[in-house]
Amino acid sequence: MTSLQTPDDVGAAERFSRWADRNRKWLFAGPSIAFTALLLAIPLGWTLYLSFTDAKRSVRRDFDFNGLENYLGVLTDTERFWPSVWRTFAFTAGALTFELILGMIIALLLWKPFRGQGVVRTIVLLPLVATPVAVGMMWRLLFEPNIGFINEMLSWVGIPPQPWLADPSTSLATLTFVDIWQWTPMVALILLAGLTSLSDEPQEAARVDGANGWQRFWYVTVPLMRPVIIAAVLLRGIDALKTFDILYATKGKGGGAFHDVETLNVYAYGLSFDYNEYGVASAVLILFFLIILAVIWVLQMQRKGRES
Amino acid sequence: MKYGSNTVRVLAAASIAAVAAGLAGCSSSPESGAGDGDIEGTTIRVTLANHVWTETIKELIPEFEKETGAKVEISQLAEDQLSDQYNVKLNAGTDEIDVLMYRPLQENKLFASNGYLADMTDMVEGDKKWDWSDFQSGPASLTTYEDEVVGVPIITERTVLYYRKDLLEEAGLEVPTTLEELDAAAAAIHAQHPDVAGYIGRTGKSAAVTQLSAFLYSFGGDWIDDDGKSAIGSDEARSAYKYYGDLIRNHTSATINPEMSWPEAFAVFQQGKAAFIADADSLYKNMTDPTQSTVSDQVGFAPFPQGAAGSKPYNVAAWALAINETSEKKDAAWQFIKWATSAEQTVAMTKLGVTGARTSAWEDGDAIADFPAELVEAIKVNGENGVGHDRPLVFQVSQAREIVGDPIVTAIAGGDVDAAVDSADKAFDAFLAEDSE
């Protein structure tokens, strides 16, 4: 600015131009931010609205407000809702635990450069590339108790055929395994990125001090990797909570005949598309949304808590 | 480049304007339908289900396109996915679908009361040459809602007993005519061939309901009694559930897949691993087609065996064609339906193995010439004895099927059927009270 101009001297167009200039990052990103916000906010708002009504059979019909009736009904439903909450957490916890452990092992193995590492990394990533529905159908065939290949392989080593997906007591565990098979590579990738960004000095210092491999890992690597681990847990955990594709592709409507793999997402889908109970389904979805928000909040607290 | 320079400003404004215009142009404008009568050049969008009828009509559609100059765009899905599609698209009031193939027993009440289906009464009654009265009365009544005709039935089916001729002969048995004989035959064949299941049937909670109905009616039971209350708690119904569960469980050494619908159950029979299966006769081509079935030359067909109350299979319209209420091409849609369900087309389809709903097609000796003779016999007998519904006829059929199908799953697994029936009976009563609102 070569000369000072008082505010009175500045015309409206010039004022706007300067404002736009200062806030150009918002102006240019504005349309897409607005679009994304609407894309998220409108369905969420509509679902919230529906959850307070008795909408059913068709959204084109008239429906009335029924206040908190849907929520009360859902929260007191010990037959379908609470078991599905329990199953959602059991599935997520089981899958996440093994994905973290196996992912960390794979990341550690791939950490130091070695010959053929490109090929190995590609092979490790393959399960990630397949579409979840195709994965679901493939495993469904593999696990078929009578003609599936898994039982065939077991018979070669003398183990009797297992029911896998056909038995309600083993189906959720089997599907947890399928999830681990598919998503461990992603967790491994995230952890590997974290490992490669670590500097060598703490490791060297620990080695000089006489720490063995395990001590170095547990007392040096893991604490330094904490933010990356939490990021991996956050990313994978939220997706695992919402898993739908492999569950629906293998066990179909209602999570199987005995609802043995019915998690919250599968339950809400059934309410919407099989029972046409849109009010109740919306209530379940809003509660599910709140549960996920709570999980994220807890993880964020974890991340901030120890960083200080 | 300085931000303030004029060139940059003009360029920025121009590019934003161009993008905005492009976005506006991107939104698809709805296709305008052609005028009434002449449908040349119109595209009719038809959604169909995986079925013998669909495979057959796909081969004949080029004739329609040549005749009328219209184009037919087909979208084909399996029945569960189709239902989900309808739920989403029709709920949203889409005009993307003109003709839809739907299940009158499953969806007629729901779709019609939701206003999804166009009123075809004037169309069907107006065309004397096409002749609405030629359609069998049972199926025709299933596609009517509150005195308005909302669909045209295209497939009828009855429960037929498919059986393996060679296995039966080997065991020295006659074709079973009663349910006791069926049980005994299944036991005998399984004893002779341990890797073959004496009987296979649908085991999925919802899927098995329609096939259980034949057993239910033949034992003397029904889904809903005359007062509109649940009838599944009756002694006859309990016997039916137990019989069905025992029949499937007792005569096989393999693990029973608890989610089988007809494709899975048929696959077991097609691979030669089952001796009997009672299911819809409209699906018979899956059994006799050598490219699908390894036992295609050994398949026999028998009328449904008699129970305590006689032989009472179902005789229903399984599929029908309807016009989407929000379609902008109702006239073109009606012309397609008229063609696909005309007497000539139905005869042509019957010749290719489709079990239609027109009386004239069934009486045409030429048309049914290619059907296996045994099957024609079975169809005649089943047709006479048949009951007009194979599931509870309510609005929320999906939910009803899950409720009344629950004891089936328990029976097949060998659990406490009486307890399951008691709780299902109560749940069904509660459901019926709410559904009729």
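None of the values given here were measured: they were computed from a predicted structure. What you see as residue numbers is a count from 1 along each chain, following the sequence as written. Chains carry letters from A onward and ligands carry numbers from 1 onward, assigned in written order. Local features in this predicted model are restricted to residues whose pLDDT is 70 or higher, and side-chain atom pairs enter the listing and the counts only when it is 80 or higher, whereas totals over whole chains, interfaces and linings include all residues.

1. Points about the overall build of chain B
For chain B, the helix and strand inventory stands at 18 helices and 10 strands. Projecting the C-alpha coordinates of chain B onto the three principal axes gives extents of approximately 95 × 55 × 45 Å. Residue burial is a threshold on neighbouring C-beta atoms within 10 Å of the residue's own C-beta, all placed from the backbone, with 20 or more meaning buried, 12 or fewer meaning exposed, and counts in between meaning partly exposed. Looking at the 437 residues of chain B, the share that counts as buried comes to 50%. Sequence-distant contacts in chain B: of pairs separated by 6 or more residues, those separated by 24 or more amount to 75%. Segments assigned H or I by DSSP are reported as helices when at least four residues long, segments assigned E as strands when at least two residues long, and all are numbered from the N terminus. Contact between two residues is assigned when their C-beta atoms, built from the backbone, lie within 7 Å.

2. Things to note about the overall build of chain A
Each helix and strand in chain A was counted, giving 13 helices and 0 strands. Each helix and strand of chain A, ordered N terminal to C terminal, gives the series α-α-α-α-α-α-α-α-α-α-α-α-α. Here chain A holds 308 residues, and 30% of them are scored as buried. If you take every contact in chain A between residues at least 6 apart in sequence, the share linking residues at least 24 apart comes to 68%.

3. Some words on the nonpolar core
Working definition: the nonpolar core is a set of buried Ala, Val, Leu, Ile, Met, Phe, Trp, Tyr and Cys residues, joined through C-beta atoms within 7 Å. Core analysis: the biggest nonpolar cluster contains 128 residues, and B:Y244, B:A274 and B:F336 have the highest contact counts within it. An automatic or database domain assignment supplies the start and end points of every domain. Residue-level mapping places this core at the junction of two domains, with at least three residues from each of domain 1 (43-156 + 316-385) and domain 2 (158-315 + 393-435) of chain B. In this structure B:F336 touches B:I44, B:V46, B:F64, B:V72 and B:V99, once residues within four positions along its chain are discounted. The next biggest cluster of nonpolar side chains, apart from the first, holds 49 residues, and it includes A:W164, A:V261, A:V284 and A:I286.

4. Overview of the interface of chain B and chain A
With 21 residues of chain B in contact, the opposing surface of chain A contributes 19 residues. Elements that contribute at least two residues to the side of chain B that touches chain A include exactly α3 (79-91), α4 (104-114) and α17 (397-413) of chain B. In terms of residues, the side of chain B that touches chain A owes the most to one element, α17(B), which gives 4 residues. For this classification, the nonpolar set comprises Ala, Val, Leu, Ile, Met, Phe, Trp, Tyr, Cys and Pro, the charged set comprises Asp, Glu, Lys and Arg, and every other residue, Gly included, is treated as polar. Residue composition of the side of chain B that touches chain A, grouped by class: 6 nonpolar, 11 polar and 4 charged.

5. Describing the pairing of strand β6 (residues 152-164) of chain B
The side chains of a regular strand alternate between both faces of the sheet. All names here are of chain B. Counting buried positions over the 13 residues of β6 gives 13, a clear majority of the element. Two strands qualify as a pair provided DSSP detects at least 2 bridges between them. Here β6 pairs with strand β10 (residues 315-323) via 6 bridges, running antiparallel. Looking at β10, one finds that V152 is bridged to L321. Both β6 and strand β8 (residues 274-280) contribute to a ladder of 5 bridges, which runs antiparallel. Within β8, the position partnered with Y163 by the bridge is F276. Bridge count for β6 against strand β9 (residues 299-302) is 4 bridges, and the pairing is antiparallel.

6. Structural notes on the packing of helix α10 (residues 235-250) of chain B against α17(B)
Residues and elements named next belong to chain B. Throughout, an axis means a line fitted to C-alpha atoms (over the contacting stretch in the case of helices), and angles, computed between N-to-C directions, take values from 0 to 180 degrees. Relative to each other, α10 and α17 sit at 45°, their axes nearing to 7 Å. Judged on the interaxial angle alone, α17 and α10 are oblique. For the crossing formed where α10 meets α17, the hand is right-handed. Facing α10, whose interface residues are Y241, K242, Y244, G245, I248 and R249, α17 presents P407, I408, A411 and I412. Any angle that falls under 35 degrees is termed roughly parallel, while one over 145 is termed roughly antiparallel, one within 65 to 115 roughly perpendicular, and all others oblique. Left-handed describes a crossing whose near helix is turned anticlockwise from the far helix by less than a right angle; the clockwise case is right-handed.

7. Considering the confidence of the model for chain B
Values of pLDDT, the confidence the predictor places in each residue, fall between 0 and 100. Chain-level pLDDT for chain B is 88 on average; 92% of the residues reach the 70-or-more range. Low pLDDT, under 50, characterises residues 24-36 of chain B; the stretch is placed with 13 contacts to residues that sit more than four places away or in other chains.

8. Considering helix α8 (residues 168-196) of chain A
Any helix carries an expected span of 1.5 Å times its number of residues minus one. Across its 29 residues, α8(A) extends 43 Å between first and last C-alpha, which sits within 8% of the 42 Å expected from 1.5 Å per residue. Bending of α8(A) peaks at approximately 45° at the position of A:W183, with proline A:P185 no more than four residues after it. In this scheme, the bend at a residue equals the angle between the axes fitted to the seven residues that finish there and the seven that begin there.

9. Some thoughts on the domain arrangement of chain B
All names here are of chain B. Segmenting chain B into domains produces domain 1 (43-156 + 316-385) and domain 2 (158-315 + 393-435). Spacing between the C-alpha centres of domain 1 and domain 2 amounts to 27 Å. Across the boundary between the two partners, domain 1 contributes 22 residues, which contact 26 residues of domain 2. Elements that contribute at least two residues to the side of domain 1 that touches domain 2 include exactly α4, β6, β10 and α16 (373-385). Partitioned by chemical class, the residues of the side of domain 1 that touches domain 2 number 11 nonpolar, 9 polar and 2 charged.

10. Some remarks on the packing of helix α5 (residues 117-129) of chain A against α8(A)
The relative placement of two packed helices comes down to the angle between their axes together with the axis-to-axis distance. Residues and elements named next belong to chain A. Packing of α5 against α8 brings their axes to within 7 Å, and their N-to-C directions diverge by 125°. In terms of axis orientation, α5 runs oblique to α8. Regarding α5 and α8, the two cross each other, and that crossing is left-handed. Counting all contacts with α5, which are made through V124, L125, P127 and L128, the residues of α8 involved are W181, Q182, P185, M186 and A188. For the contact of α5 with α8, a count of residues per class yields 8 nonpolar, 1 polar and no charged.

11. Considerations on the environment of A:L38
Tracing the backbone shows A:L38 in helix α2 (residues 24-51). Residues A:L38 and A:L108 lie 70 residues apart in sequence; the distance between their C-alpha atoms is 42 Å.

12. Points about helix α2 (residues 52-68) of chain B
Residues and elements named next belong to chain B. In this model α2 runs 25 Å from its N-terminal to its C-terminal C-alpha over 17 residues, within 8% of the 24 Å that 1.5 Å per residue would give. At E59, α2 shows its largest kink, close to 40°, and the proline P62 lies no more than four residues downstream. G69 sits one or two residues past α2 and shows a positive phi near 75°.

13. Things to note about the pairing of β10(B)
All names here are of chain B. Summarising burial for β10: 9 of the 9 residues are buried, a large majority. Two elements, strand β3 (residues 99-102) and β10, share 4 bridges in a ladder whose sense is antiparallel. Its bridge partner lying in β10, Y102 is registered against A320.

14. So, unusual backbone geometry
Residues and elements named next belong to chain A. Residues other than glycine seldom take positive phi values, yet R57 does so here, at roughly 70°. Classification of R57 by C-beta neighbours within 10 Å gives partly exposed; the count is 19. Phi at H259 takes a positive value of approximately 55°, unusual for a residue other than glycine. Its place among the elements puts H259 in the loop between α11 (245-251) and α12 (264-273).

15. What to know about the environment of B:M287
Residue and element names in this part refer to chain B. Locating M287 in the fold gives a position in helix α12 (residues 285-288). M287 sits in the buried class, given 22 other C-beta atoms within 10 Å. Remark: the alpha-carbon pair of M287 and W334, spanning 47 residues in sequence, is separated by 33 Å.

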